[in-house]
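Inside the fold
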Amino acid sequence: MADRLVRNSNSLRALPAPDWGRGAIEPMLPALLRGVIFISVLAAPFVAALLAG
(Lines give C-alpha, C1' and ligand atoms only; values in the text may rest on other atoms or scores of the structure.)
Protein backbone atom coordinates (compact mmCIF):
# COMPACT_ATOMS: atom_id res chain seq x y z
CA MET A 1 0.00 0.00 0.00
CA ALA A 2 2.73 2.48 0.97
CA ASP A 3 4.84 1.71 -2.11
CA ARG A 4 1.78 2.30 -4.29
CA LEU A 5 1.32 5.74 -2.70
CA VAL A 6 4.96 6.57 -3.33
CA ARG A 7 4.69 5.48 -6.95
CA ASN A 8 1.51 7.49 -7.48
CA SER A 9 2.97 10.64 -5.94
CA ASN A 10 6.13 10.35 -8.04
CA SER A 11 4.38 9.67 -11.32
CA LEU A 12 4.55 12.36 -13.98
CA ARG A 13 0.82 12.20 -14.51
CA ALA A 14 0.23 13.50 -10.98
CA LEU A 15 1.99 16.78 -11.76
CA PRO A 16 0.06 19.43 -13.66
CA ALA A 17 1.66 20.23 -16.97
CA PRO A 18 2.70 23.88 -17.41
CA ASP A 19 0.69 25.72 -20.02
CA TRP A 20 3.30 26.97 -22.48
CA GLY A 21 0.72 27.40 -25.18
CA ARG A 22 -0.93 30.51 -26.53
CA GLY A 23 -1.54 33.20 -23.89
CA ALA A 24 0.84 31.89 -21.24
CA ILE A 25 2.66 35.23 -20.95
CA GLU A 26 -0.48 37.33 -20.51
CA PRO A 27 -0.89 36.84 -16.72
CA MET A 28 2.70 38.04 -16.22
CA LEU A 29 2.28 41.31 -18.12
CA PRO A 30 0.63 43.33 -15.30
CA ALA A 31 3.35 42.28 -12.84
CA LEU A 32 6.08 43.16 -15.33
CA LEU A 33 4.47 46.52 -16.00
CA ARG A 34 4.25 47.27 -12.27
CA GLY A 35 7.91 46.33 -11.91
CA VAL A 36 8.97 48.62 -14.73
CA ILE A 37 6.96 51.52 -13.30
CA PHE A 38 8.38 50.91 -9.81
CA ILE A 39 11.98 50.86 -11.03
CA SER A 40 11.49 53.94 -13.21
CA VAL A 41 10.02 55.86 -10.27
CA LEU A 42 13.00 54.86 -8.14
CA ALA A 43 15.49 55.80 -10.87
CA ALA A 44 13.89 59.15 -11.80
CA PRO A 45 15.71 61.29 -9.16
CA PHE A 46 19.07 59.79 -10.12
CA VAL A 47 18.47 60.38 -13.81
CA ALA A 48 17.38 63.96 -13.10
CA ALA A 49 20.52 64.54 -11.02
CA LEU A 50 22.71 63.16 -13.80
CA LEU A 51 21.04 65.34 -16.40
CA ALA A 52 21.29 68.43 -14.20
CA GLY A 53 24.99 67.86 -13.82
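Here the structure is a predicted model, which means the values were calculated and not measured.

In the numbering used here, UniProt assigns the feature "transmembrane region" (unreviewed entry) to residues 31–52. Along residues 31–52 one finds 100% helix and 0% strand; the C-alpha atoms at either end are 32 Å apart.

Our focus in this paragraph is helix 2 (residues 29–52). Relative to the 34 Å expected for 24 residues at 1.5 Å per residue, helix 2 spans 33 Å between its end C-alpha atoms, a close match to the ideal helical length. Remark: the principal bend of helix 2, roughly 40 degrees, maps to Ala43, with a proline, Pro45, within the next four residues. Downstream of helix 2 by a residue or two, Gly53 has a phi angle that is positive, lying close to 90 degrees.

Thresholds, definitions, all that
Residues numbered from 1 in each chain as written. Predicted model: local features only at pLDDT ≥ 70, side-chain atom pairs only at ≥ 80, totals over all residues. Heavy atoms only, no water. UniProt positions renumbered as here; feature names shortened; annotations may be inferred. Helix = DSSP H or I, 4+ residues; strand = E, 2+ residues; numbered from the N terminus. Expected span 1.5 Å × (residues − 1). Bend = angle between axes of the 7 residues up to and from the residue.

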